[in-house]
Amino acid sequence: MNEVDIKELIKNGDIKEGAQKIKVPIPKVNGSAYDGQTYMIPIKYLHYNDQNGRIGTAISEYEAKNGSINEQDFEAYNDAIEKMIVEDDKAKMAILKTDIGKKGQEIPGYVLNDGRVIDGNRRFTACRLLAKESTLERDQYFEAVIIDDLDADRIDDKKILKELELRIQFGRLSREGYDPIDRAIDVYKTVKVDHLMTNAAYGRYANMKSGEVDTKLYEAELVVEFLKYVNADPQNYALAKQMSLDGPLQELVPQYKKYIRESPQKNDILSAVFAKLLQLRTKSADKDFKQEFRPIVKNILLSNLEQGFVSDMTASSDVLVDTLAETPTTNVTDLYKKINSSEEAVSAISAAKTVTDNYVRKAADAADKKRPIKLADDALSKLDNIDRVVFGVLSASEKAKLLNCLTIIGETISDMKQELE
């Protein structure tokens, strides 16, 4: 990466003060406050932060397709990430670019002394896009506060920067939001991979309850397990985003947390479930496919049907695993192509649908058989709730109506008893 010294550039007059002073939501290491002065930084001095949660996921997608990004090639690195951010949501990016072009950058970002943008990546991207369109022979600026005493390569400073990132996101950026997969992976990398924070600390800075943090961690673990299943790099988190797996995996989290995670049959259970996910995604582009997935989680797992379901899915799952094991899976197009180009895999997908449809029917039949008992229990409970003291104050017509109802109930019960006997 280019050697940049923002403080030196300010000293030399290459970077001028901006018009804003803001309150920085963290103190300096020595406890004093940052002055919050913004500076107008020419974008040629800045680069994206590869440690940002969303950008980290985007980089994993890029590298899966194209190989490692060369961070020493300053412009190529920035161009690659810019393209990913734009393609993530072209419509929103176009709106933001137009807005900044008309009004200027109203919300400043945060930048380290080496030019790393630690907050404001979408605004930085909009500024880069404007620079490419501009006919003015001048620099395009990014307005930001300089956090000049922290280094993203030092572990202790990483923790502080992560705190700043979370405080900013949840203090202001909740309206932009994170993709659910991005958020789960950010929690996972921060807590489990990089060990920058505890669950409690992440929740405190991100304004999340402890249970929410745990749920995101479990979801991220399922993402990693799925990536291993399809023979993808366990860090290619973007593949799960491409397949829109956040909904189904969130559905699976309660069962995964309750017993699958520590079960001796964990791999077998997850293999059966993931085979079903592959069947759904190779045959349907409907993002609401989780409705078809839900009965597997709600009605089959942790029921007396689970063992048979897992056993009957083994053949399909084994074929899919063997098919995908031939070459690494890099992206969703590659994944579907490998499955659809193998007759055995296509047959396995068809068999997976047959098996799951069969077990969903079995679960529905079992629920129907239990329904009369539940309804009878409900009826008995409602009869028990009748306050008999009220009988003494009923009018003659009300008593007659109640007696008629009870007579019909008695006759209905008598008929049912005869059929059961």
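Owing to the predicted nature of the structure, the values given are computational and were not obtained by experimental measurement.

Re the overall build of the chain
Link 1 in the chain: Per the secondary structure count, the chain includes 17 helices and six strands.
Link 2 in the chain: Computed over the C-alpha atoms, the radius of gyration of the chain is 29 Å, more than 25% above the 22 Å expected from 2.2 N^0.38 for a compact globule of 421 residues.
Link 3 in the chain: When each of the 421 residues of the chain is scored for burial, the buried share is 44%.
Link 4 in the chain: Pairs at least 24 residues apart make up 72% of the contacts formed inside the chain by residues separated by at least 6 positions.
Link 5 in the chain: A total accessible area of about 22,800 Å² is found for the chain, and carbon and sulfur atoms account for 49% of it.
Link 6 in the chain: In the chain, 61 positive and 71 negative side-chain charges are present, and the distance between their average locations comes to 4 Å.

Here's the deal with helix 13 (residues 290-300)
Link 1 in the chain: Of all the positions in helix 13, only Phe 293, Ile 296, Val 297 and Ile 300 are classed as buried. For helix 13, the arc enclosing every buried residue in end-on projection is 120 degrees, short of the 170-degree limit, so these residues lie on one face.
Link 2 in the chain: Count one or two residues on from helix 13 and you reach Leu 302, which has phi positive near 60 degrees.

Details of the packing of aromatic side chains
Link 1 in the chain: Overall, the coordinates contain six aromatic pairs when judged by the stated rule.
Link 2 in the chain: Every member of this aromatic cluster is reached through a ring pair, and the members are Tyr 48, Phe 124 and Phe 142.
Link 3 in the chain: One cation-aromatic arrangement involves Lys 362 over Tyr 359; the distance from NZ or CZ to the ring centre is 4.5 Å.

The rules behind these values
Residues numbered from 1 in each chain as written. Predicted model: local features only at pLDDT ≥ 70, side-chain atom pairs only at ≥ 80, totals over all residues. Heavy atoms only, no water. Helix = DSSP H or I, 4+ residues; strand = E, 2+ residues; numbered from the N terminus. Rg over C-alpha atoms; globule rule 2.2 N^0.38 Å. Buried < 20%, exposed > 50% of the residue type's maximum accessible area, 1.4 Å probe, protein only. Contact = heavy atoms within 4.5 Å. Areas by Shrake-Rupley, 256 points an atom, 1.4 Å probe, with all protein chains shown as cover. Lys, Arg positive; Asp, Glu negative; His and termini not counted. Charge placed at Lys NZ, Arg CZ, Asp CG, Glu CD. Arc of directions from axis to C-beta. Phe/Tyr/Trp six-rings, centres within 6.5 Å; stacked < 30°, edge-to-face > 60°. Lys NZ or Arg CZ within 6 Å of the ring centre and 35° of its normal.

Worth remembering: the numbers are spatial, not functional.
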